[in-house]
Amino acid sequence: MFNGGLNETVNMNGKWFKLLCKNTEVQLTGTLNGGQSFRWRKVEKSPEQQWIGVFADKLWTLQQVDDGILYKVNENNVKTCPEEHYNELLRNYLNLDVELAPLYEQWSEKDPNFCEAAKQFYGIRILRQDITENIFSFICSQNNHISRITSMVEKLATFYGDQICDLDGISYYTFPKVDKLASDDVENKLRKNGFGYRAKYISQSAKFIMDNGGEKWIHDLQQLEYPEAKKRLLSLMGIGAKVADCICLMSLGHLQAIPVDTHIYQIATRWYMPKLAKQKTVTEKIYNEIGDYFRTLYGPLAGWAHTVLFCADLKKFQENQSEKKSHKRKKKEDS
DNA sequence: CGGTAGCCTGTGTG
DNA sequence: ACACACAGGCTAC
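The rules behind the values
- Residues numbered from 1 in each chain as written.
- Chains lettered and ligands numbered in written order.
- Predicted model: local features only at pLDDT ≥ 70, side-chain atom pairs only at ≥ 80, totals over all residues.
- Heavy atoms only, no water.
- UniProt positions renumbered as here; feature names shortened; annotations may be inferred.
- Near = heavy atom within 4 Å.
- Polar contact = N/O pair within 3.5 Å; in protein donor to acceptor, adjacent residues only side chain to side chain.
- Helix = DSSP H or I, 4+ residues; strand = E, 2+ residues; numbered from the N terminus.
- Nonpolar A, V, L, I, M, F, W, Y, C, P; charged D, E, K, R; others polar.
- Axes fitted to C-alpha atoms, helices over the stretch in contact; angles between N-to-C directions.
- Parallel < 35°, antiparallel > 145°, perpendicular 65-115°, else oblique.
- Left-handed = near helix turned anticlockwise from the far one by under 90°.
- Contact = heavy atoms within 4.5 Å.
- Pairing = 2+ DSSP bridges.

- Within an unreviewed UniProt entry, the label attached to chain A reads N-glycosylase/DNA lyase, and the organism entered is Hypothenemus hampei.
- The annotation that UniProt attaches to chain A under Sequence similarities (unreviewed entry) is "Belongs to the type-1 OGG1 family."
- What UniProt states about chain A under its Function (unreviewed entry) heading is, verbatim, "DNA repair enzyme that incises DNA at 8-oxoG residues. Excises 7,8-dihydro-8-oxoguanine and 2,6-diamino-4-hydroxy-5-N-methylformamidopyrimidine (FAPY) from damaged DNA. Has a beta-lyase activity that nicks DNA 3' to the lesion."

**Looking at the protein's contact with DNA strand C**
Consideration 1: The environment of DNA strand C is made up of 24 residues, and the closest members are G34, G35, N144, I146 and G240.
Consideration 2: The sugar-phosphate share of atoms of DNA strand C within 4 Å of the protein amounts to 56%.
Consideration 3: Y197 has a polar side-chain atom sitting 2.9 Å from a base nitrogen of DNA strand C.
Consideration 4: A distance of 3.0 Å separates a phosphate oxygen of DNA strand C from a polar backbone atom of G238.
Consideration 5: Those elements giving two or more residues to the surface near DNA strand C turn out to be α12 (241-251) and α13 (262-272).
Consideration 6: When the residues that make up the surface near DNA strand C are grouped by side-chain class, the tally is ten nonpolar, twelve polar and two charged.

**Remarks on the UniProt feature "domain: HhH-GPD" (unreviewed entry) in chain A**
Consideration 1: The positions that UniProt labels "domain: HhH-GPD" (unreviewed entry) are, in the present scheme, residues 140-307.
Consideration 2: Strand forms 5% of residues 140-307 and helix 61%; the C-alpha atoms that close the span are 20 Å apart.

**What to know about the packing of helix α5 (residues 131-141) against helix α9 (residues 198-211)**
Consideration 1: Contact pair α5 / α9: the axes reach a minimum separation of 9 Å and the direction vectors enclose 155 degrees. When the axes of α5 and α9 are compared, the pair comes out roughly antiparallel. Two packed elements cross with a definite hand, and for α5 against α9 that hand is right-handed. The residues of α9 that touch α5, namely those facing I135, F136, I139 and C140, are R198, Y201, I202, S205, A206 and I209.
Consideration 2: Residues belonging to the contact of α5 with α9 are distributed by class as follows: eight nonpolar, one polar and one charged.

**A short note on the packing of α13 against helix α14 (residues 284-298)**
A pair of packed helices is captured by two measures, namely the crossing angle of their axes and the spacing between those axes.
Consideration 1: At a closest axis distance of 11 Å, the pairing of α13 and α14 adopts a crossing angle of 65 degrees. The way α13 lies across α14 gives a crossing that is left-handed. Contacts from I264, Y265, A268 and Y272 in α13 reach I286, I290, Y293, F294, L297 and Y298 in α14.
Consideration 2: Residues that form the contact of α13 with α14 fall into these classes: ten nonpolar, no polar and no charged.

**Topic: the sheet that holds strand β3 (residues 48-55)**
Consideration 1: Taken together, five strands build an open sheet; the order of strands is β1-β5-β4-β3-β2 and the sheet is antiparallel. In the strand order of this sheet, the two ends are held by β1 (17-20) and β2 (41-45), each with one partner. Along the sheet, successive strands turn relative to each other by an average axial angle of 30 degrees, direction set aside.
Consideration 2: Sheet topology note: the β2/β3 ladder contains five bridges and is antiparallel. Of the residues in β3, the one forming a bridge with V43 is Q50.
Consideration 3: Across the sheet, helix α2 (residues 83-93) is in contact with β1, β3, β4 (58-65) and β5 (68-74); its angle to β1 comes to roughly 45 degrees.

Here you go:
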């Protein structure tokens, strides 16, 4: 019943599998749409809600059900992998080895504000993302809106990634390897395509990585402890403290990293560190103070706890926006 | 050393 | 229609 409409003669894949998992352990909406990855789209297949996105060089469709996640995989090579292999990839991407219930309990005990946020934002997970994708996506994210970041990441994949497959008339691409982003004329092309000053950062960072070992540079980065990894990321043009911490948290497994962006700064001054409210800008000193505060409050996985707060704040923000819109529409209808 | 002006431009708002 | 502010920051000064 789940294969309705899919052309299985063309694509050998497209068969539904299930990953068993409690809903309290994974909430797809908050996890995939919370600003961690910019590659997921929500598809309303009423009454179901599905998510389509790319990771591990494959196209995935995910759907939350009572006792887990239904998923199917599309990929280019004809030979299909065994279900266990896909299960393992998805488990890894969703970081399912980390059990969330006891963590939420600890954080809730320590922080009533977290406790409140956790009611609606259960099952928020830190994804284990591809390092290259993480680096270049978050270079795009600086001083930018999520909607625009999303379209920029999509452009990177279309321009420099490999095509995976077509689904419902849309072509999907892998996120490009570093060498592609380091090729000639990348800066030019990206600038023409609306990347602004980030075009140079992407090109320069890609070239820097290639000049310093390419894949080996990426691989070595994974072996470093948090402070060293962060320091090395900071040597890339266009990566500052916030983006470096995003990468440490989301693809290097340093769950104590706290990316302090405008949202977290607002949250910190509002609820936790009111004395900072008079500060105009987040200096390095303030940045570290905020991170240290949350690390003391939440412990070694503070970055995970912070992401839950971030999601709650982002959701509030989005709700405000849509409230305004519907209000506006209503007014228009009335008149 | 701490602080901040300037940066590209798409998107949303007045 | 047409401004105008501002975005999950960073670099250079």
